[in-house]
Every structure is written in C-alpha cells, then in structure tokens.
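# An overview of the molecular structure
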Amino acid sequence: MGNKAFQWLSERLASQRWKYWALQASGWGGYTLLTFVGSFFWVKNHWLHSGYIAVATASGVALSELMRRGFHRLWHRPPAIRFFGSLLVVIVAAAVWAAIKFGGSLWLYGKESDEHPAVMAVYWFSYSFLLLMTWAALYYGIKYYQASQDQQEKMLLAESAAHQAQLKMLRYQLNPHFLFNTLNAISTLILDNEGRTANSMVSRLSQFLRHSLDNDPMQKVTLAREVEALMLYLDIEKVRFADRLGVNVDLEGDSPRALVPSLLLQPLVENAIKYGISQREWGGEITIRARVFAGELLLEVSDNGPGMSVEELESLGTGRGVGIRNTCERLRALYGAEQKVRFRNQPGGGLAVHIRIPFEQE
C-alpha cells in the first residue's frame, strides 16, 4: 500500500502543475504555521484568530495565483516590461492583501494600537509586499531555472542530432567508395572477357550490400559479426586476387563479443590490399588480431606488403585515402579522446594499423 501511494505521488509530481501546487501548499502552509505560533501567546481568542489566519492565508493563495497568471503573460515580453510589469503586479497584490488583513484585524480586534492609521497601513503594506515579493522571486527563480534546463536539454538534443548526422554521413561515405572500386574491378573483368568471374563478383557484391543496408549505421555490432561482414568483402576481393590474397583472423578471449562501429575493418583491409597486397607480384597476407586488455579493445590490421615511407605514414588518417580518413573521423566522433589510431611499419615488412577503443559488450 505504501509503495503504491509513493508511486502515485511520484507520478503526480512529475507534472509541472502538481509541482506548482505542492510548492504552494508547502509555502503557504509554512506561513500559516509561523503566523499561528508567533501570535499564540498574545491572542486571547484562539478560535477567532485562527479564522483570521485562515482568511489571510486563503487570500494570499488566491492573490499569488493571480500573480502567477500575470507573470505568465509577461514572461515572453521584453526584459524591461517584464520587470516593471511584475513589480506593478506585486505592488497591487500587496496593497489588496494588506487591505484584507488590516481590515480584518480592525474588524476583529478594533483599534488596539495608538499608532496612526497611516503608519499601520504602511506597516501592513510593507509586510505584505515583502512576503509577496519573496514569492515572486522564488517563482521567477524556479521559472528561469526550468527555462535554463529546457534550453540546455534542447542544446544537448541538437548536439546529439548533429553528432548522429555526422556519423551517418561518415558511415555512408564508405559504401560509395567501396562500390566505385568494386564496379571498376568488375568492368575490368568484363573487358578481359572474364564474364563468369565478373558474374561471381556481382553476386558477392549484392550479398555485401544487402548486409550493409540491413544494419543501422548508428548501431554498433559485435566484432564477430563485423568479421563476418568483412569476409563478404574479402570474397569479392578474392575473385580478383585468387590465391594471391591470404587472410588470417585471430580473435582472442572476449574480443569477439566486443561492440565496434559497423564496417570498421573494411576500409582498413581495403587499404592493406590496395597499398600492400596488390604491390607484390605473388600477393601477400592480411592479418586481423584482436584482444581485450585493461578494459579496452585492441585491434590490429596488418599486411606483409612493402610498407610506407615516413611521409606517407604521417599523412594517413588525415589526407590520403577516403576510407582510412573516414575511419579515423568516425572513431573520433564516437569515442573522442578515449580512442587511439596508430600506423607503423612492421620490422619484417608491411604496414600495421593499431586501434584502441573502450571495450563494450551487448
């Protein structure tokens, strides 16, 4: 029963209207309690005085609600109009509230003070103005805080939308780039009268594109599934290279379950084939290694080709090659400073690409 009541209250307080009335009840309830306790020992007729406090509280609640509606109308006006308009609303409400309480006090207790009526009127107005001005300050403070939170939320949503748009743009750049190279290879096979090989390559291309289109570019996939997609691509390349292209895959420990951006490996392997394997008369081998260490996924894509000069290595990831540059930009957009891509020549020949990203699982 208690849990249901707490859940019901939580659901109600989730709405702005209920939050407002909860604050109203707690604020004016505190005012009523303090007023009653403060006058308890000098009031003779407690029942009569309690009625007076109830009228003062009820009129205060009603006036504050009218103030809220006035502030709501002024909210979208220029700052100067909003400030002076709100001040005028508070002054009018304070004057009305002071008149109600001062009149009620005279009617209930008579003129028990030797103070001039004008002095008493100023006292009641100042007291009422101070309380209602405090209420107005709290109202605007909460209002500005909510507006700030809403603005921040909209800004975060806009940044998220821009971030996702950037990732989608980078992701979709891969398919046209790969498609151009593959179609160019098919065209070459047709010109060389190798129709059966060209047909086999078209069939494998359709399977790869179907796999690519079936996956949301914003969703990450397991490394095992990423390698499966990579094998579809390598089947296409093997049509061109036949026995000249060897592939070695070594996924250690938990690495097959690691989440990675879809089509992460394809441009790296494509680069290895273009600048490594195709440069060797007898072809070569591409090695893909992965392991998990210290909460990070460590990926390596290497070949046994001729490697690159120092100048070429420095340009990788920034200028040379759409696929490599695209991969680096996707990783920066997804992981920021938590990712690292490094290119190096291997001692025995060939180029190695090392990627370090946070280890994530489904």
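What you are looking at is a predicted structure, and each value in this text was computed from that prediction instead of being measured.

Here we take up helix H8 (residues 266-275). With eight of 10 residues buried, H8 is to be regarded as a mostly interior element. For H8, the set of buried residues is Gln266, Pro267, Leu268, Val269, Glu270, Asn271, Ala272 and Ile273.

Turning to the packing of aromatic side chains, a few remarks are in order. Counted under the stated rule, the structure contains 16 aromatic pairs. Summarising the aromatic geometry, the rings of tryptophan 135 and tyrosine 139 are spaced 5.6 Å apart at their centres and angled 5 degrees between planes, so their arrangement reads as stacked. On the criterion of helical spacing, the pair formed by tryptophan 135 and tyrosine 139 is a turn pair, its members being four residues apart in helix H5 (residues 117-191). Among the aromatic residues, those joined into a cluster by ring pairs are Phe71, Trp75, Trp135, Tyr139, Tyr140 and Tyr144. Its guanidinium or amino end placed over the ring of tryptophan 97, lysine 101 lies 3.5 Å from that ring's centre, counting from NZ or CZ.

Here we come to the confidence of the model for the protein. For the protein, the mean per-residue pLDDT works out to 79, and 79% of the residues sit at or above 70. Here helix H1 (residues 2-13) is the element of the protein with the lowest mean pLDDT, 55, and strand E5 (residues 296-303) is the one with the highest, 94.

The next point concerns the pattern of salt bridges. Tallied over the full model, the rule gives six salt bridges. Across the pair glutamate 360 and lysine 220 runs a salt bridge, and its minimum N-O distance is 2.9 Å. With glutamate 360 in the segment after strand E7 (351-358) and lysine 220 in strand E1 (residues 220-222), this pair connects stretches of sequence that are 140 residues apart. Note that glutamate 300 is salt-bridged to arginine 289, the shortest N-O span being 3.3 Å. Here the residue glutamate 300 occupies a position in strand E5, and arginine 289 occupies one in strand E4 (residues 284-293), the gap between them amounting to 11 residues. Judged by relative accessible area, which is 14%, glutamate 300 ranks as buried. Taken together, the shared-partner salt bridges connect Glu65, Arg68 and Arg69 into one network.

Cut-off values and rules
- Residues numbered from 1 in each chain as written.
- Predicted model: local features only at pLDDT ≥ 70, side-chain atom pairs only at ≥ 80, totals over all residues.
- Heavy atoms only, no water.
- Buried < 20%, exposed > 50% of the residue type's maximum accessible area, 1.4 Å probe, protein only.
- Helix = DSSP H or I, 4+ residues; strand = E, 2+ residues; numbered from the N terminus.
- Phe/Tyr/Trp six-rings, centres within 6.5 Å; stacked < 30°, edge-to-face > 60°.
- Lys NZ or Arg CZ within 6 Å of the ring centre and 35° of its normal.
- pLDDT = per-residue confidence, 0-100.
- Salt bridge = Lys/Arg side-chain N within 4 Å of Asp/Glu carboxyl O.

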